[in-house]
Amino acid sequence: MNDIALIFIATSPSYWPYIQPAVDSVKQFFPADILLFTDSPQQFGVAKQVRMPHAGWPAATLMKFHTLLTEQKWLSSYKYIFYMDICLQMTAPIGDEVLGDGITACVHASYILSHGQYCTPEEDPRSTACLSKKDIRKMYIGGFHGGPAAAYLNMADAISKMIDTDAANNFVAVWHDESYCNRYFYDFPPALELGLDYNTWTKTPTTKIWRVPKGMPTRPAVGGVQPPNPRNPMVLLCGRAAA
């Protein structure tokens with residue numbers, strides 16, 4: 001048993017092809033036991049695989065902290081917990097440099113490459129994720145974060161409650177779980193910050209985590225235009241699956 005647990009969530013057939021390459025990359029480059037939530041019928045040889053139906057969009061990403069908390073007992077047996085999006089792959093050894101006394105977070109590649117011009121927090125005061133561009137210090141991704149088990153599970157619980165509060169008010173933050181992460185990281189700054197080597201679309205000799213091209217615009221490019229309405233709260237609140 002390793003000291004680190006790493007969580008993947010991959011539901012719907014469109015995400016199944018990413019599972020094995022992501023799992024293999026972690027096994028090769030990061031000393032972690034993998035917890036996989038999926039609706040795929042295939043077994044992927046991880047430490048624990050949990051059957052999970054697809055929740056639709058945006059609930060599948062928005063509710064990731066709720067999902068991982070269903071395995072809180074199992075996760076609590078580890079010293080560190082990390083989450084990584086299934087469409088990311090590790091490309092080089094990752095070790096103690098990501099392990100700290102508090103939360104480890106990754107600064108958004110677009111924020112870095114645009115010298116801070118890419119900055120899209122949730123600014124609607126109706127949301128618990130509300131954070132003004134005037135106040136925000138940095139933008140972080142929702143795709144890779146972790147920390148000591150107690151600190152990470154406390155963060156997951158706090159963000160889940162923020163999401164529940166907004167859902168009760170028929171509101172979904174603009175970038176879903178990432179918006180709530182950024183509010184949390186503003187209130188409780190990460191102990192460790194990771195940069196482009198852990199969050200890049202282009203492989204370089206120093207790349208540690210690579211964003212696998214998905215063939216769909218899940219984020220605006222640097223200097224690009226943000227989609228007009230990435231929210232769609234009725235998918236979450238009514239439980240209807242989206243394509």
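Note that the structure is predicted; figures quoted are calculated from it, not measured. (Residues numbered from 1 in each chain as written. Predicted model: local features only at pLDDT ≥ 70, side-chain atom pairs only at ≥ 80, totals over all residues. Heavy atoms only, no water.)

A. Molecular detail of the nonpolar core. Counting 43 residues, the largest nonpolar core has Ile7, Leu68, Leu75 and Ile159 as its most contacted members. Listing elements by their share of this core, those giving two or more residues are strand E1 (4–10), strand E2 (32–38), helix H3 (64–69), helix H4 (72–75), strand E4 (80–84), strand E6 (104–107), helix H6 (149–168) and helix H7 (177–187). Ranked by the residues each element gives to this core, the list is headed by H6, at eight residues. What isoleucine 159 contacts, discounting residues up to four positions off in sequence, is Phe65, Tyr180, Cys181 and Tyr184. Residues Tyr15, Tyr18, Ala22 and Phe30 belong to the second largest nonpolar core, which totals 34 residues. (Core = buried A, V, L, I, M, F, W, Y, C linked by side-chain atoms within 4.5 Å. Buried < 20%, exposed > 50% of the residue type's maximum accessible area, 1.4 Å probe, protein only. Helix = DSSP H or I, 4+ residues; strand = E, 2+ residues; numbered from the N terminus. Contact = heavy atoms within 4.5 Å.)

B. Broad picture of unusual backbone geometry. Here the bond from tryptophan 57 into proline 58 is cis, since omega is 5°, no more than 30 degrees from zero. Looking at the secondary structure, you find proline 58 in the loop between strand E3 (48–51) and helix H2 (59–62). Of note, histidine 115 is a non-glycine position whose phi angle comes to about 55°, a positive value. Turning to its location among the elements, histidine 115 is positioned in the loop between helix H5 (109–113) and strand E7 (140–148).

C. Representation of helix H1 (residues 19–29). When we look at burial in H1, the residues that qualify are Ile19, Ala22, Val23, Ser25, Val26 and Phe29. Taken down its axis, H1 places every buried residue within 160° of arc, on the same side. Lining the buried residues of H1 we find E1, E2, E4 and strand E5 (88–90). (Arc of directions from axis to C-beta.)

D. Quick peek at the side chain of histidine 145. Mapped onto the fold, histidine 145 is located in strand E7. Reaching out from histidine 145, the side chain makes a polar contact with the backbone oxygen of glycine 142 at a distance of 3.2 Å. Among the polar contacts listed, one links the side chain of histidine 145 to the side chain of tyrosine 152, at a separation of 3.0 Å. If sequence neighbours within four positions are ignored, histidine 145 has contacts with Phe65, Ile81, Phe82, Tyr83, Thr104, Tyr152, Met155, Cys181 and Phe185. (Polar contact = N/O pair within 3.5 Å; in protein donor to acceptor, adjacent residues only side chain to side chain.)

E. Local environment of H7. Within H7, nine of the eleven residues are buried, leaving the element largely enclosed by the surrounding structure. Residues Asp177, Glu178, Ser179, Tyr180, Cys181, Asn182, Arg183, Tyr184 and Phe185 constitute the buried set of H7. The inward-facing, buried residues of H7 contact H2, H3, E6, E7 and H6.

F. Examining the pattern of salt bridges more closely. Applying the stated rule across the entire model yields eight salt bridges. Its salt-bridge partner being lysine 48, residue glutamate 71 comes within 2.7 Å of it at the nearest N-O pair. Placement of glutamate 71 in the loop between H3 and H4 and of lysine 48 in strand E3 is noted, with a sequence separation of 23 residues between them. Judged by relative accessible area, lysine 48 falls into the partly exposed class, the value being 27%. Connected through salt bridges with shared partners, the residues Lys64, Asp85 and Asp177 form a single ionic network. (Salt bridge = Lys/Arg side-chain N within 4 Å of Asp/Glu carboxyl O.)

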